[in-house]
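Coordinate analysis (summary)
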Amino acid sequence: MKHLVATLVVSAVSSTAYAADLFAPFEHEHASKTGAPYVHSFGIEPAFTGRDLFIDHSFINGDGFTEHETELELEWAFTKRIGVILEVPYVYEDEEGEGNEKGFGDLAAVPRVLMIEKDRFLLTAQLEVVLPTGSSSFGGETALAPGLTAWFDLGNNFTLNSQIFLEHGFDADETELGIGLSLVKSIQTRGTSHSHGNDCHGHTTHAGLLNFHLEVTGETPTKGADKGDIAIEALFGISYGIIENLDIRAGYFIPITRPNDFDHGLTTGLIFHF
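In this report, the structure presented in the accompanying data block is examined. (Residues numbered from 1 in each chain as written. Predicted model: local features only at pLDDT ≥ 70, side-chain atom pairs only at ≥ 80, totals over all residues. Heavy atoms only, no water.)

Here we look at the overall build of the protein chain
- Looking only at helices and strands, the protein chain has 1 helix and 15 strands in total.
- Going through the 274 residues of the protein chain one by one, you find that 41% of them count as buried.
- Residue pairs in contact within the protein chain that sit at least 24 positions apart in sequence constitute 55% of those at least 6 positions apart.
- Element-wise, carbon and sulfur atoms account for 62% of the exposed surface of the protein chain, whose accessible area totals about 14,500 Å². (Helix = DSSP H or I, 4+ residues; strand = E, 2+ residues; numbered from the N terminus. Buried < 20%, exposed > 50% of the residue type's maximum accessible area, 1.4 Å probe, protein only. Contact = heavy atoms within 4.5 Å. Areas by Shrake-Rupley, 256 points an atom, 1.4 Å probe, with all protein chains shown as cover.)

Here it is in structure tokens:
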């Protein structure tokens, strides 16, 4: 009986502490308590919270077509653990013999909660809501995609971002499983990572931080006409912190599986940290 009471007391204290932490004020952190840098991947949502604005432009070349896409993405943390991501793309597509089309894609809103925060591990739950705000050529789909994202400190400034989600499109009545892994190696080319006091909390600055990215993402329909098909892409990228509040990045991506929808692609972007 005493053991049960003690367990209930510990659980109540832990729940109260978590609730307080859930609504604690947001503080922009560039690194974990061990000093491992928080680095944004190209195609995988982060497990860490932040206040950042992304401006990305991607070029895709395929068999008889080219596509340019410019995307704006805002990541906004309301508290230490609660945030939202807003995304909207603008697409220009030129197909041989068919002319070109351009227009906005659908707006995506992604509310998210940081569920677990450890020194070397983060786990965030999120729900992507796609609204049919885009043009008739590049939008018009309503979808929900619950998912999980995780961040791991592998040591020696190697970090791993990962995600898994299940997206259901209501208009087409199709469901798709998506996964992603992103390995990042970071090098501080100027400035230093340092610790304060006896807690050994590392504080890596974005300025001068050089990152090498290797990403693999994959999707497979679990319901619908294309059920069982698998599409896997790989991306090789680099990012660099010019100043404390501004990163630049570029990446080259290719399809791994066949048949594929494109031959290769390039992406470039800016990240503004608030």
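So, the pairing of strand S4 (residues 99-104)
- Pairing between strand S3 (residues 82-95) and S4: 6 bridges, direction antiparallel. Residue pairing in the sheet places Asp-94 in a bridge with Asn-100 of S4.
- The hairpin turn running from S3 into S4, its antiparallel successor, is 3 residues long, and Gly-97 in that turn takes a positive phi close to 85°. (Pairing = 2+ DSSP bridges.)

Thoughts on the pattern of salt bridges
- One pass over the structure, following the stated rule, counts 7 salt bridges.
- Of the charged contacts in the structure, one is a salt bridge between Asp-56 and Arg-249, with a shortest N-O distance of 2.9 Å. A residue pair is termed long-range when its members are at least 10 positions apart, and Asp-56 in strand S1 (residues 52-62) and Arg-249 in strand S14 (residues 246-255) qualify at 193 residues. Like Arg-249, Asp-56 is buried.
- The shortest N-O distance in the salt bridge between Arg-120 and Asp-153 comes to 2.8 Å. Of this pair, Arg-120 sits in the loop between strand S5 (107-117) and strand S6 (121-131) while Asp-153 sits in strand S7 (residues 143-155), placing them 33 residues apart in sequence.
- Here Arg-120 falls in the partly exposed class, since its relative accessible area comes to 44%.
- Judged by its relative accessible area of 10%, Asp-153 falls in the buried class.
- A cluster of three or more residues bridged by salt bridges with shared partners is formed by Asp-21, Lys-80, Arg-81 and Glu-117. (Salt bridge = Lys/Arg side-chain N within 4 Å of Asp/Glu carboxyl O.)

Side note on the nonpolar core
- Within the largest apolar cluster, 7 residues are counted, these being Ala-36, Tyr-38, Ala-47, Phe-48, Leu-114, Leu-122 and Trp-151.
- Other than its neighbours up to four places away in sequence, Phe-48 contacts Tyr-38, Val-39, His-40, Arg-112, Leu-122, Trp-151 and Asn-161.
- With 6 residues, the next largest nonpolar core counts Phe-42, Ile-60, Leu-235 and Phe-262 among its residues. (Core = buried A, V, L, I, M, F, W, Y, C linked by side-chain atoms within 4.5 Å.)

Topic: a nonpolar patch on the surface
- A cluster of nonpolar side chains, namely Phe-152, Leu-154, Phe-158, Leu-183, Leu-214, Phe-236, Tyr-252 and Leu-266, defines an oily patch on the protein surface of about 680 Å² accessible area.
- Along the chain, the position of Phe-158 falls in strand S8 (residues 158-169). (Patch = residues over 30% accessible without salt bridge, like charges linked within 9 Å, V, L, I, M, F, W, Y side chains within 5 Å.)

Re unusual backbone geometry
- For the peptide bond that leads from Arg-258 to Pro-259, omega is 0°, which places it in the cis range.
- The topology assignment puts Pro-259 in the loop between S14 and strand S15 (264-273).
- Backbone geometry at Asn-156 places phi at a positive 55°, although glycine is not the residue there.
- The class for Asn-156 is exposed, based on a relative accessible area of 63%.
- One non-glycine residue, Asn-157, lies in the positive phi region at around 60°.

That's the geometry; what it means functionally is another story.
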